[in-house]
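Coordinate analysis (summary)
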Amino acid sequence: MARVSTVTGMVEADQLGTTLIHEHLRNCDEAVRNQWPQARAFKEDPPHEVGPDEVYDIAVREAKAATDLGIKTIGEPTAMFLGRDVNFMKRVSEETGLQVVPCTGIYTYDHLPQFFMNRDPDQIAEFFIADIEQGIQGTDIKAAFIKCAADEPGVNENIEKIHRAAARASVKTGAPIMAHSRPASNTGPRQIEIFEEEGVDLSKVQMAHTGDTDDLDYIEGLLEKGVWIGLDRYGLDLFLPYDKRQATTKALLERGYADRIFLSADSVATSDWFPPNVIEQLIAAGAANDWTIRIVPEKVLPELRDWGLSEEQERTLMVDNPVSWLTA
Ligand SMILES: [Zn+2]
């Protein structure tokens, strides 16, 4: 039996159990936090700001909520620029029992620091490979998958470079890739093309956020390439309303794609990307509804069961697919 790396050690793949493949225990701007640790925005000042202890407490609360709903494992795609901190993940995992599968990679839509601007894909891949083979951030916690992203600016020069680095690290180590995509900008086909050019086994590639569209032609065009797709932003109505997400999931299940799909929410227990009052305004405006780690086990799956999702299909979606992708 293959084994999968978690923040608390290697586990047999059949011990992953029910898995949400794409949830974040925390999301923060690591550069700002590092340079201005004393900034008022990072201090306890409830209810306006979320302080460091509260960030941990909320992550624990959300992780516990997930385990209470039968979730045993999450894929944690927090990479560079999203505030990756494996010791934070490990503390949350140890306190709650939720297994957390960490990643390597760079999350950017165009910007790269000079350090990576001036290095080629092979040199960047070395960083990812070190995380996979040796461990992350000075620990012996190994990355289980590689994250990269393309969004509204498209697959520009910097994004192509990171995709090639991710691809080469995958070819060298066998690690799977999770590629953040943006269907509204048609990024998926070009992202897959780069992976193909680099010789990546496409059965190792997961196109995250494919569920932000209900265009079945676009989605099937990706599936025909042999990749996995993430229907992974349930609750983020900003990009596609909940009912359209569910309709898309049902249509894909009817077309026989249960063994290519992931259901998740891309939730963030906390985020410092926006000031709290702006987050409140966005939620009030309907950008997100029930957008938490709980939405799939609490709402999406029960509805799908009522609709006719079989026990076997549910096991495929929530237990077998994560194992297949992580150990492909
Ligand atoms: Zn994400």
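The structure under discussion appears in the preceding block.
Residues numbered from 1 in each chain as written. Predicted model: local features only at pLDDT ≥ 70, side-chain atom pairs only at ≥ 80, totals over all residues. Heavy atoms only, no water.

1. Notes on the overall build of the chain
Each helix and strand counted, the chain has 12 helices and 10 strands in total. Taking 20 Å as the expected radius of gyration for a compact globule of 328 residues, we find that the chain reaches 19 Å, a close match to that expectation. Expressed as lengths along the three principal axes of its C-alpha atoms, the size of the chain is roughly 55 × 45 × 40 Å. Counting over 328 residues, the chain shows a buried share of 54%. Put simply, of all contacts in the chain between residues at least 6 apart along the chain, 78% involve residues at least 24 apart. Treating the 32 positive side-chain charges of the chain as one cloud and the 55 negative ones as another, the clouds have centres 3 Å apart. (Helix = DSSP H or I, 4+ residues; strand = E, 2+ residues; numbered from the N terminus. Rg over C-alpha atoms; globule rule 2.2 N^0.38 Å. Buried < 20%, exposed > 50% of the residue type's maximum accessible area, 1.4 Å probe, protein only. Contact = heavy atoms within 4.5 Å. Lys, Arg positive; Asp, Glu negative; His and termini not counted. Charge placed at Lys NZ, Arg CZ, Asp CG, Glu CD.)

2. Let's talk about a nonpolar patch on the surface
Nonpolar side chains collect at one region of the surface, where W273, F274 and L282 lie side by side and expose about 290 Å² of accessible area between them. With respect to the helices, strands and loops of the structure, F274 is situated in the loop between β10 (261-263) and α10 (276-284). (Patch = residues over 30% accessible without salt bridge, like charges linked within 9 Å, V, L, I, M, F, W, Y side chains within 5 Å. Areas by Shrake-Rupley, 256 points an atom, 1.4 Å probe, with all protein chains shown as cover. Salt bridge = Lys/Arg side-chain N within 4 Å of Asp/Glu carboxyl O.)

3. Regarding the packing of aromatic side chains
Inspection of every chain in the model, using the stated rule, returns 10 aromatic pairs. Considering the side-chain rings of F115 and F127, the 5.6 Å spacing of their centres and the 85 degrees angle between planes classify their relative orientation as edge-to-face. With F115 in helix α4 (residues 114-117) and F127 in helix α5 (residues 121-133), the pair connects residues that are 12 residues apart, well separated along the chain. When its relative accessible area of 38% is taken as the criterion, F115 is described as partly exposed. Judged by relative accessible area, F127 falls into the partly exposed class, the value being 39%. For the ring pair F116 and F127, a centre distance of 5.4 Å and an interplane angle of 85 degrees mean the geometry is edge-to-face. (Phe/Tyr/Trp six-rings, centres within 6.5 Å; stacked < 30°, edge-to-face > 60°.)

4. Side note on empty space enclosed by the protein
Per the stated rule, a full pass over the model turns up 1 cavity of 30 Å³ or more. Considered as a void within the structure, the largest cavity measures approximately 40 Å³ in volume. If you trace the largest cavity, you find it lined by L25, R26, E76, T78, G83, R84, D85, F88 and M89. (1 Å grid on protein atoms, 1.4 Å probe; cavity = no way out; pocket = protein on both sides within 12 Å on 5 of 7 lines; lining within 4 Å. Points joined across faces, edges and corners; volume = space filled by probe spheres on them.)

5. Some points on unusual backbone geometry
Of note in the backbone geometry, N186 takes a positive phi value of approximately 55 degrees without being a glycine. For N186, the position within the fold is in the loop between β7 (177-180) and α7 (188-197). Assessed through its relative accessible area of 46%, N186 is described here as partly exposed. With a phi angle near 70 degrees, H209 is a residue other than glycine that sits in the positive phi range. Tracing the sequence through the fold places H209 in the loop between β8 (205-208) and α8 (216-223). Note on H209: relative accessible area 1%, which makes it buried.

6. Details of the layout of surface pockets
Over the atoms, a rolled probe matching the size of one water molecule traces out where space is still vacant. Put simply, the second largest pocket is a space of about 240 Å³. Taken together, 15 residues make up the lining of the second largest pocket; nearest its centre are R3, I132, A143, A144 and L326. In terms of residues, the lining of the second largest pocket owes the most to one element, strand β1 (residues 3-6), which gives 3 residues. Residue composition of the lining of the second largest pocket, grouped by class: 9 nonpolar, 4 polar and 2 charged. (Nonpolar A, V, L, I, M, F, W, Y, C, P; charged D, E, K, R; others polar.)

7. Observations concerning the environment of S264
Relative to the elements of secondary structure, S264 occurs in the loop between β10 and α10. Through-space distance from the C-alpha of S264 to that of G75 is 9.7 Å; in sequence the pair is 189 residues apart. For S264, the side chain forms a polar contact with the main-chain nitrogen of H22, separated by 3.0 Å. (Polar contact = N/O pair within 3.5 Å; in protein donor to acceptor, adjacent residues only side chain to side chain.)

8. Remarks on the packing of helix α2 (residues 52-68) against helix α3 (residues 86-96)
To characterise two packed helices, one gives the angle between the axes of the helices and the distance between these axes. One way to put it is that α2 packs onto α3 with a least axis distance of 9 Å and a crossing angle of 45 degrees. Classified by the interaxial angle, the pair formed by α2 and α3 is oblique. In this structure, the crossing between α2 and α3 has a hand that is right-handed. Only F88, R91, V92, E95 and T96 of α3 make contact with α2, whose side of the interface consists of V55, Y56, A59, V60, A63, K64 and T67. Tallied by class, the residues present in the contact of α2 with α3 amount to 7 nonpolar, 2 polar and 3 charged. (Axes fitted to C-alpha atoms, helices over the stretch in contact; angles between N-to-C directions. Parallel < 35°, antiparallel > 145°, perpendicular 65-115°, else oblique. Left-handed = near helix turned anticlockwise from the far one by under 90°.)

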